[in-house]
Structures are given as C-alpha cells and as structure tokens.
Amino acid sequence: MCGIIGIASNKSVTPNIIQSLKKLEYRGYDSAGIATIESGNLDEKKCPGRVEDLEKILLKRPSQGFIGIGHVRWATHGIPNQVNAHPHSSDEVSVVHNGIIENSNELKKDLEKKGYKFKSQTDTEVITFLLTDFLKDFDLVIAINKTLKALNGSFALGILFKKYNDIVVGARRGSPLAVGYGPNENYLGSDSYALKSMTKKITYLDDGDVCVLTNNKIDFYNSKNKKINKEVLILSDDKHTAEKGDYKDFMSKEISEQNITSKNCVKEYVDHLRKDINLYNFPIKPKDIQKIILIGCGTAYHSCITAKYWFEELTNIQIDIDVASEFRYRKIKFNKKNLYVFVSQSGETADTFAALDICKKNKVKTCSIVNVVESSIARSSDFVLPIHAGPEIGVASTKAFIGQLLVLYILALKISDIRKEILKPDYEKKINDLKKLPDLIKKTLNYCHNNTPIIAKDFLKAKGAMFIGRGISFPIALEGALKLKELSYLHAEGYPAGEMKHGPLALIEEGLPVVILAPRDRYFEKTISNMQEVIARGGKVILITNENSKIISENVRFTLEIPITNENLTPLLMTVPLQLLAYHVAALKNCDIDKPRNLAKSVTVE
Ligand code: F6R
C-alpha cells in the first residue's frame, strides 16, 4: 500500500503535495512525510499519524522548495513511528516507496559492511543507500537502474537528489505509478485520483520504466538506460464526486448512494426498450466457454462466491472461485477455453494483479470487473466491465460490492441468454426486475436507517458475533462478518447455516449475537430450523428475512424485513442491513469508520 507523490515546479510544492497526500490517505494512514530541496539541500519532515499531523509540523517549520516528494504509509517493515516514516534520506538522496523489498536484509548487510548506518527498520532505507553508493561512480539513470536491478520485490518510488536539484525521479516494478503533465510543473503519483485535481493529462509507467521530471519536461527510460516514448492519456471528466458533503464520513455516504450505484450500473448495461443486456466485444464466444474462474480478494472475493450461485443457476458452465493470493501460487492447469474473471474495486490489488499477470503469461482470456477504469488490472485485461460506482473512499468496500454483484449478475444473465440456457420470457422478466432494483435498495436503506442503530447496541458488550445463511445468503453472511470485524474490531464469523452443527455451534453461548439470513427462498425452512438450534443454546438472534415472512418467535430479538424481489437479487438487498449494522456498531465504539486500524484501501503489497 502506501501513497506516493512527487512534484517538480516553479513555485513552492508543499500545498499541492499536502492536498495530494490527503487524497492518497486511503492507501495508508499510519504516518506521513515530505522531502523538498531547500537552498540546495534535502529537507525531510515526517511523523507518525495522519497528514493533518504533518501539516501541523509544516506550519511551525514550513518547506518552501520547488521540488518535492511526499508519502503516506501503511507499515510493512517496522512499527509506525517517526523514524520508520518516509521519506528515507541520506545527505545525497531522499526516497519514498510503495511496495516491499524482499531481499532488504541481505542488501542491508552488504551496505553496512561498506559503512552505511541504518536508522530505521524499513526495507526502504536500502534503496536510499544503494542509490547513494551507485551515484559515487555512475551517472543518474545508470545509478538508478543499477539500484533497481539489485532489488527483489515490488516498488513504486519517488526520489530526490541533492546533486540533481531540479528533478524528481520515479520508477516502478509491481506497484502502480503515474505521471501527470501540468502547466509549469509535472507530477508523479500512485494513482490518477491523486493527480486529477492538478491535471487531466497523464502517463502510466510500466514495470521497469524510470521517469525523470523537471518543471517543464518528463523523460522516460527503460531498464537498459535507453530513452523511450510513452503514450499520454487524457482522463475523462468524472461525474461522480469524492466529497463527503453533509455526511459524517465517506462510508455512510457510500452506503446511502447504493441505489444510485445500482441505477448507473443498470443504465450502463441494460437496454430496457429491447429488453436486452449490452455487452460488446466480449473476448471469447460465450458458446465456447468451458469454465469460468472468478478471482478476487476480501469483499471482491465474496462477490465472486455470490456470482458462482448465479452462474450455476443460469448457465451450464462450470464455475470455479479463487482467492487471488492462493490462485497466484497454485499449480493451475490453464485452458484457452476458460474465461478468467478478475474482480477488484481499486484495480490495483497486488494479489489480484499478479493472478491476472499469470493468466496473461499463459495466454488465456481475461476479463476484469473494476471500479477504477484507469487501474492496472483494467489496463491489463482483455475485456473490462466497469461497475460505475464512482470513487469509493471509505476503506470498507460497500457500494463497490453492490456494483460488483450487479455486473457479475448481468454477465451471468447475458452469457446464459447467448448460450440459450435461459428461456426468453425468463430473461426478459429478470431484466425487468433489474429496473426495479434501485428503488428497492432505496426502500431497504430507508427501512434500515432507523432500526440498525438500535440493534447495534446489542453488539457492544458481545465477545463476538456470527452470521449464518444458506445458499446465496452464505456469501452475504461472510460479507456481513467481514464488515463487522474490519470496522468494529469485534471477532465475527460467517458460516453456511448447515455447517453450524459440525463445529461452530460450540461457540454459541448466552447472549452471543447471531445474525440469521433467511430470505423467503428455497432454503427458508431449513435456515429457520438452524435459527431454532441457535436460540436453544442462548444465542441472541437478529433475523433478516423478507417482508410478510410471518415468523413469530418470541425468542428472536430483532427481525428485519427487507422487500421481496426475485431470488437472484435478494442478496443485494440483504447486504444493506449488514453494512449499516457494522457501521453503527463501529460508530458506537468510536472507531475510525473510514480508516479502520491496520488497514488501507488499495492493497498493493502481497
Ligand atoms: C473489505 C475490503 C477489502 C477489499 C479487498 C480487495 O471491506 O474493502 O476486503 O475488498 O482488499 O480490494 P479490491 O476490490 O480493491 O481489489
């Protein structure tokens, strides 16, 4: 993770670096730092904590330089303290880094033998000293490439040099990096989102690229020290806003936007007049697909599990699901008749990207479902299906989950239609149901708005919580548990309801909150039986079912009744109360909702 920024300008760069770091804070928020060139010397200011803590330091001791780099950290090596915060500087070089240097211990030993004294526990400081060392004997670009060749692992770097005091240098391998072109200044950043307020003209670096920015030009070099040309892209105007507005935090805004997210998504893909789904230039003939493999991490992985149920119901295609961090290291038998689908909000998740890369090397067809269309995963896959959710800033994924579910469902429906595995009237009926979904999400949001804060109080004294469901409600139970644990730091488990008797039932004790997902589907009666087993053992049941389910059990502590829709779309509505529940438990516990501890939004390390 970590966010990096660099600016070469003809005016003080501190204000823009600070603004950009605030935008990059979703990538890491345990420490922040800046380095500028002040009267020909490198000047570094850094601290544990947030960008606002760094701002306070800069108020007392301003940085005025025209050339600078900045960093927000998500700790990998060494605790978040002042010494481990980036930049890491010698007298000659200052470095900010996103990624992990896997051979840092060996490199450190060699550098110590040469007399370099390390101050931090980070893996980054080896880059500072390697550069310092190579610069004694080599010109700039050669010294940089020699340094990069010595590194194993992943990195995006921003570098300042005392000797070359009008440039910022960037380099990447495995971690994302972009440059932006401005009037009288140029920029380096972890993503285009950080650069968007300053410029719309950008270039993405590829692995092995090095860039050298001055205030009026950007040069690119390859790993053989040869100058190269790169494509300049113009970013589209974003109709979505990344401001909090009147909301207390981004997460409450993003949850409440989910009816709009679904509306945009449906509008993009569904042609209501023709009662059809628009998917053009699909990379593989749906009729020829032998197997679909759905891959993601965390919440995105939960959308893959949910989609498996849809694909299996609507098509005869064999479906596999995989966590990207496992897929990338397993001995996979690739098949050209398979379609490999990668799901990622950020489009930058290192494990998902690595899994995609392996597929590309094996020359199989890939499709990505992403929110950030300029992301590395979107750019690398054969076919992209954007979810159109707009910027998601809260670290916990909410509206992107709804978008991912919808696009996956739409994809399953379309493939089923092309393969003639669904009857036309059923296909058209399901398309019609999609049109009604945004209003049903809105209705569910309104309904849950008042009652979830009351239910949340029950979780305050709990040791943990369980979420259970059958069939397609099972992945939603997993997602409910993930949201609760990451936001409120309460231990939470998601389980298939039928699995409880095989072990997890031992966890049920007097007062343990158990959220039962029991929509009026084919599993309803069985899930209700599982609910009774929980009640019999003292569990405090929160039942989420459909309107008019007419479950009367005096031992159910709370019942939430969500609107009735077709069974396929029920999981999207079931998600809403779970998100709100996690939100309100976290709020009652005074947790930092948008920036949960130990996490970051864009997971660009393994
Ligand atoms: C949980 C959450 C994470 C992400 C995961 C993948 O709320 O946000 O589990 O879903 O890190 O991120 P993306 O979707 O960006 O690949």
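Predicted, not measured: the structure shown is a model, and the values here were computed from it.

*Asks:* Just to check I follow, could you spell out the packing of helix H1 (residues 14–24) against helix H2 (residues 51–60) for this structure?
*Replies:* Axis separation between H1 and H2 bottoms out at 10 Å; the angle between their running directions is 165°. The pairing of H1 with H2 is recorded here as roughly antiparallel in orientation. Note on packing geometry: the crossing formed by H1 with H2 is left-handed. Here Thr14, Ile18, Leu21 and Lys22 of H1 come into contact with H2, specifically with Val51, Leu54, Glu55 and Leu58.

*Asks:* Looking at this model, I keep getting lost on unusual backbone geometry. Mind explaining?
*Replies:* Only a minority of non-glycine residues have a phi that is not negative, and only a minority of peptide bonds are not trans. Residue Pro87 follows His86 across a cis peptide bond; omega there is 5°. By secondary structure assignment, the location of Pro87 is in the loop between strand S4 (67–73) and strand S5 (88–89). Even without being glycine, Lys275 reaches a positive phi, approximately 50°. In the Ramachandran plot, Tyr489 falls in the positive-phi region, its phi being about 60° despite a non-glycine side chain. Along the chain, Tyr489 turns up in the loop between helix H15 (473–488) and strand S24 (491–496).

*Asks:* When you look at the nonpolar core in this model, what are you seeing that I'm missing?
*Replies:* Looking at soluble globular proteins, one finds that nonpolar side chains tend to be buried together. If you look at the biggest cluster of nonpolar residues, it comprises 87 residues, and the most contacted ones within it are Ile292 and Phe459. Shared between two domains, this core takes at least three residues from each, and those domains are domain 2 (243–422) and domain 3 (445–593). In this structure Ile292 touches Phe311, Ile317, Gln318, Ile319, Asp320, Leu339, Val341 and Ile415, once residues within four positions along its chain are discounted. Core analysis: the second largest hydrophobic core is formed by 29 residues, Leu151, Phe155, Leu157 and Tyr221 among them.

*Asks:* What exactly am I supposed to notice about the site of the ligand here?
*Replies:* Lining the immediate surroundings of the ligand are 15 residues, of which Ser344, Gln345, Ser346, Thr349 and Glu486 lie closest. Between the ligand and the protein, one listed contact pairs an oxygen atom with a backbone N or O atom of Gln345 at 2.6 Å. In this structure, an oxygen atom belonging to the ligand sits 3.3 Å away from a main-chain N or O atom of Val395. Looking at the shell around the ligand residue by residue, the class counts come to six nonpolar, seven polar and two charged. The residue makeup of the shell around the ligand includes at least three contributed by each of domain 2 (243–422) and domain 3 (445–593).

*Asks:* In this structure, what is going on with the pattern of salt bridges? I would like to understand it.
*Replies:* Think of it this way: side chains of opposite charge can pair up when their charged atoms draw near. As enumerated under the stated definition, the model contains 38 salt bridges in all. Note that Arg50 is salt-bridged to Asp592, the shortest N-O span being 2.9 Å. Of this pair, Arg50 sits in the loop between strand S3 (41–48) and H2 while Asp592 sits in the segment after helix H17 (570–588), and the two are 542 residues apart along the sequence. Residue class for Arg50 comes out partly exposed when judged on its relative accessible area of 23%. One salt bridge connects Glu509 with Lys463, and the closest N-O pair in it is separated by 3.0 Å. With Glu509 in the loop between S24 and strand S25 (513–517) and Lys463 in the loop between helix H14 (424–457) and strand S23 (464–469), this residue pair connects regions lying 46 residues apart in the sequence. A residue is classified by how much of its surface remains accessible, and Lys463, at 66% relative accessible area, is exposed. Linked by salt bridges that have partners in common, Asp271, Arg274, Asp276 and Lys414 make up one network.

*Asks:* Honestly, the sheet that holds strand S14 (residues 227–228) in this entry has me stumped. Any pointers?
*Replies:* As a general point, the strands of a sheet are linked pairwise by backbone hydrogen bonds and lie either parallel or antiparallel. Pairing is antiparallel in the open sheet, where seven strands are placed in the order S5-S6-S7-S8-S12-S13-S14. Bordering the open sheet on either side are S5 and S14, each of which pairs with just one other strand. Alignment of strand S12 (residues 210–213) against strand S13 (residues 218–221), held across four bridges, turns out to be antiparallel. Bridge pairing in S13 links Val212 to Asp219. Sheet strands touched by helix H5 (residues 140–150): strand S7 (153–161), strand S8 (168–173), S12 and S13. Its angle to S8, the strand with the most contacts, is close to 30°.

*Asks:* Looking at this model, I keep getting lost on H15. Mind explaining?
*Replies:* Spacing of three or four residues puts side chains on the same side of an α-helix, whose turn is 3.6 residues. Counted at 1.5 Å a residue, the expected span for H15 with its 16 residues is 22 Å, and the 22 Å between its end C-alpha atoms agrees. Among the 16 residues of H15, 14 are classified as buried, and the element is accordingly described as predominantly covered. One or two positions beyond H15, positive phi appears at Tyr489, with a value near 60°.

*Asks:* How do you make sense of the packing of aromatic side chains when you look at a structure like this?
*Replies:* When we look at a pair of aromatic rings, we describe it by the centre distance and by the angle of the planes. Counted under the stated rule, the structure contains ten aromatic pairs. Both rings, one in Phe118 and one in Phe129, keep their centres 4.9 Å apart while their planes meet at 85°; by these two values the pair is edge-to-face. Of the two residues, Phe118 is situated in the loop between helix H3 (104–113) and helix H4 (125–134) and Phe129 in helix H4; the sequence distance between them amounts to eleven residues. With respect to burial, Phe118 and Phe129 carry one shared label: buried. Ring geometry for Phe327 and Phe334: centres 6.1 Å apart, planes at 80°, overall edge-to-face. Chaining the aromatic ring pairs together yields one cluster made of Tyr116, Phe118 and Phe129. Across the ring face of Phe138, the terminal group of Lys146 is positioned such that the distance to the ring centre comes to 4.9 Å. The ring of Tyr204 carries Arg379 above its face, with NZ or CZ at 3.6 Å from the centroid.

*Asks:* I tried to follow the domain arrangement of the protein chain on my own but got confused; where do I start?
*Replies:* Accessible area lost when the parts come together is the quantity often used to give the size of an interface. Domain boundaries assigned for the protein chain yield domain 1 (3–234), domain 2 (243–422) and domain 3 (445–593). Taking only C-alpha atoms into account, the centre of domain 2 sits 26 Å from that of domain 3. Listed by partner, the interface residues are 24 residues for domain 2 and 24 residues for domain 3. Roughly 2,100 Å² of surface becomes buried between domain 2 and domain 3 when both sides are summed, with 68% attributable to carbon and sulfur atoms. Here domain 2 and domain 3 share one salt bridge between them. Across the pair Arg522 and Glu313 runs a salt bridge whose closest N-O atoms are separated by 3.6 Å.

*Asks:* Whenever I open this one, the pairing of S13 confuses me. Can you help?
*Replies:* Both faces of the sheet carry side chains from a regular strand, because those side chains alternate between them. Both faces of S13 are covered, namely the face carrying Ile218 and Phe220 and the face carrying Asp219 and Tyr221. Remark: four residues form the turn of the hairpin made by S12 and S13, two consecutive strands paired antiparallel. Pairing of S13 with S14, which is carried by two bridges, proceeds in the antiparallel orientation. Bridge pairing in S14 places Tyr221 opposite Lys227. The hairpin formed by S13 and S14 contains five residues between the paired strands, and Asn225 there has a positive phi angle of roughly 70°.

*Asks:* What's the story with H2 in this structure? I'm lost.
*Replies:* Considered for burial, the residues of H2 that qualify are Val51, Leu54 and Leu58. Looking straight down H2, one finds that the buried residues subtend no more than 55° of arc, so they occupy a single side. Residues of H2 that are exposed and angled more than 90 degrees away from the buried face: Glu52, Lys56, Leu59 and Lys60. Residues of H2 that are buried sit in contact with H1, strand S2 (31–38), S3 and S4.

Cut-offs and rules
Residues numbered from 1 in each chain as written. Predicted model: local features only at pLDDT ≥ 70, side-chain atom pairs only at ≥ 80, totals over all residues. Heavy atoms only, no water. Axes fitted to C-alpha atoms, helices over the stretch in contact; angles between N-to-C directions. Helix = DSSP H or I, 4+ residues; strand = E, 2+ residues; numbered from the N terminus. Parallel < 35°, antiparallel > 145°, perpendicular 65-115°, else oblique. Left-handed = near helix turned anticlockwise from the far one by under 90°. Contact = heavy atoms within 4.5 Å. Core = buried A, V, L, I, M, F, W, Y, C linked by side-chain atoms within 4.5 Å. Buried < 20%, exposed > 50% of the residue type's maximum accessible area, 1.4 Å probe, protein only. Domains from an automatic or database assignment. Near = heavy atom within 4 Å. Polar contact = N/O pair within 3.5 Å; in protein donor to acceptor, adjacent residues only side chain to side chain. Nonpolar A, V, L, I, M, F, W, Y, C, P; charged D, E, K, R; others polar. Salt bridge = Lys/Arg side-chain N within 4 Å of Asp/Glu carboxyl O. Pairing = 2+ DSSP bridges. Expected span 1.5 Å × (residues − 1). Phe/Tyr/Trp six-rings, centres within 6.5 Å; stacked < 30°, edge-to-face > 60°. Lys NZ or Arg CZ within 6 Å of the ring centre and 35° of its normal. Buried area = accessible area lost by both parts, 1.4 Å probe. Arc of directions from axis to C-beta.

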